[in-house]
Amino acid sequence: MRCLPSCFALTCVFALSTSVQAAELLAPETPVEQAIDHYLDAKLAAAGVSPAPPADDANLLRRTMLDLIGRIPTATEARAFVAATEKDKREQLVERLMSSPAFVRQQAAEFDALLMEGTKASLRDYLLRAFQESRPWDQMFRDMLVGEPDDKKQQGAIRFVASRVRDQDKLTADTSSLFFGVNVSCAKCHDHPLVDDWKQDHYYGMLSFFSRTYEVGEFFGEREYGQVSFQTVEGASREAKLMFLTGEVLDEPSAAEPDEKAKKAEKQLLEELKKKKEPPPVATNSRRIALVETALADEKNEFLPRAIVNHVWNRLLGRGLVHPVDQMHSANPPSHPELLAWLARDMKAHGYDLRRLVRGIVLSESYGRASRWDSAAKRPADDLFAVAQVRPLKPWQYGTSLKLAAANPDGFSAESKPAEVERRLEGLESGGRSLGSTFELPTADFQVSVDEALLLSNADRIAQELLRDDGATLVSNLNKLDDHRAAAETAVWSVFSRAPTEDEFKSLTEYLAQRADRPKEARKQLVWALLTSSECRFNY
């Protein structure tokens, strides 16, 4: 297939991409973290805003570990990092975390949640393999849209399409939003009422890439024929063109609609294949392959690299450079257009390397800023990234962190064998995923639900899993300590991954002293209060 300019090709589909010339950007060899800080600091200076100071070591360690491996630090890890004096300890931390198996599991969990939200399916097995081998994003994109089930490397990836194939509107909308940062669903019934960029032609042009895809039992294929038609607001019937978001129309071989006899024969063949559990014939001209090739050849607007950069940035910084992340269009320019352009260029130049992007972001000074705004000046707008955003934990992060915080800290002491510690951590992670399944995936306007509050307050599961006194829990450890101050310190380090403040020492020791007649119950309630606090619920 070849691309032909559409007669109504957009002049500003993504004006932000053409407004930044490559010659204006920082040199390609600039380290990612330096490029990030350069562009963010320049805008802060232009706005006359002084950013928040760097987060303290304990805060930064907790944030980085939650983002990179999906859990809080153990008390031993937290104490060691705070006490370390090496100038490059942050770089050492990031390299160690990104080299661990837990990094692969965390990235797979994050992308599974992003890509499969709203479906009952999962890409976890595929994503684990892909991140284990550091598969580039452009290849993962191809795998998910056209992957072959019989190919071991691609196995399972096609569930992205398979889980949505019965609802092609959803398949179209999700593909456009997740891979290209564009929500075209508002242009289904009429041209977008607020954004000149998106017309009905774009929606149905994107739908046409999937309209020939169909199910055959556990398999699905593509027909060689079939055109999409739609009705305009004026009531006219129009045949959709096979068109990408850039406005380019793809030229493809014409395929006549078969007669009724041929359709009947095709139906009988598919029924037989379904009974035999065999796949249908491979299409000579795959529209989904054409979509992948067109997206990868998009040199001007660069929807694919910009969208993935924006998704990862949104996850790690709490807000996209284009926000909301599915609204990349000329009426919603990025907060930092040069930075988005530089990162997209870097993404392509380095083979769509997701690890490189993640590493650069978490090593930037911008990522490492405090989330507390103590200045007398008005808190800056979120899109300046002058202060870190407070982010709710994902279900598996929260579940794993609760299980780890409630575990006996002696099991992770500096004297423990590394292999044994890793085994315990993996076990807690597994249990944390199970516990986390009871919590909802946070949305943009997240608030703790009534169900979650009731679960933490009343559920037997919480008491049984987190508050037992059987030697394996934090409660058991505290019950061996007669000194109230030692108990308070141990509890805070275990749950909050930091030293308690003097005010916390005072409140917690007074609480324990007032319940000297029932010390075990007092320590159990102390642990419960810390575990269910907002500090434990959020990444900050």
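Look above for the structure.
As the structure is a prediction and not an experimental result, all values here were calculated from the model. (Residues numbered from 1 in each chain as written. Predicted model: local features only at pLDDT ≥ 70, side-chain atom pairs only at ≥ 80, totals over all residues. Heavy atoms only, no water.)

(A) The arrangement of the overall build of the protein in detail. Summing up its helical and strand segments, the protein has 25 helices and 8 strands in all. Here the protein has a C-alpha radius of gyration of 26 Å; the compact-globule value for 540 residues is 24 Å, and the two agree. The C-alpha extent of the protein, read off along each of the three principal axes, is 85 × 60 × 40 Å. Of all intrachain contacts in the protein linking residues separated by at least 6 positions in sequence, the fraction that spans at least 24 positions is 71%. Carbon together with sulfur atoms contributes 50% to the accessible area of the protein, which is approximately 24,900 Å² in total. (Helix = DSSP H or I, 4+ residues; strand = E, 2+ residues; numbered from the N terminus. Rg over C-alpha atoms; globule rule 2.2 N^0.38 Å. Contact = heavy atoms within 4.5 Å. Areas by Shrake-Rupley, 256 points an atom, 1.4 Å probe, with all protein chains shown as cover.)

(B) Focus on the layout of surface pockets. A volume near 1,200 Å³ is recorded for the largest pocket. In terms of lining residues, the largest pocket is bounded by 40 residues, among which Asn314, Val325, Pro442, Thr443 and Ala444 are the most central. Where the lining of the largest pocket is concerned, the elements lending two or more residues are helix H6 (101–116), helix H10 (168–180), helix H14 (303–317), strand E7 (391–392) and strand E8 (538–539). (1 Å grid on protein atoms, 1.4 Å probe; cavity = no way out; pocket = protein on both sides within 12 Å on 5 of 7 lines; lining within 4 Å. Points joined across faces, edges and corners; volume = space filled by probe spheres on them.)

(C) Quick look at helix H7 (residues 124–132). By the burial criterion, the buried members of H7 are Tyr126, Leu127, Ala130 and Phe131. Along the axis of H7, the buried positions cluster into a sector of 120°, meaning they face one direction only. Turning to H7, the residues buried within the fold contact H6, helix H8 (137–146) and helix H16 (354–363). (Buried < 20%, exposed > 50% of the residue type's maximum accessible area, 1.4 Å probe, protein only. Arc of directions from axis to C-beta.)

(D) Structural detail: the packing of helix H17 (residues 395–405) against helix H18 (residues 418–436). In the contact formed by H17 and H18, the axes pass within 7 Å of each other and the chain directions differ by 125°. In terms of axis orientation, H17 runs oblique to H18. Here H17 and H18 pass one another in a crossing that is right-handed. Along its contact with H17, which presents Pro395, Trp396, Gly399, Thr400, Leu402, Lys403 and Leu404, the element H18 presents Leu425, Leu428, Glu429, Gly431, Gly432, Arg433, Leu435 and Gly436. Partitioning the contact of H17 with H18 into residue classes produces 7 nonpolar, 5 polar and 3 charged. (Axes fitted to C-alpha atoms, helices over the stretch in contact; angles between N-to-C directions. Parallel < 35°, antiparallel > 145°, perpendicular 65-115°, else oblique. Left-handed = near helix turned anticlockwise from the far one by under 90°. Nonpolar A, V, L, I, M, F, W, Y, C, P; charged D, E, K, R; others polar.)

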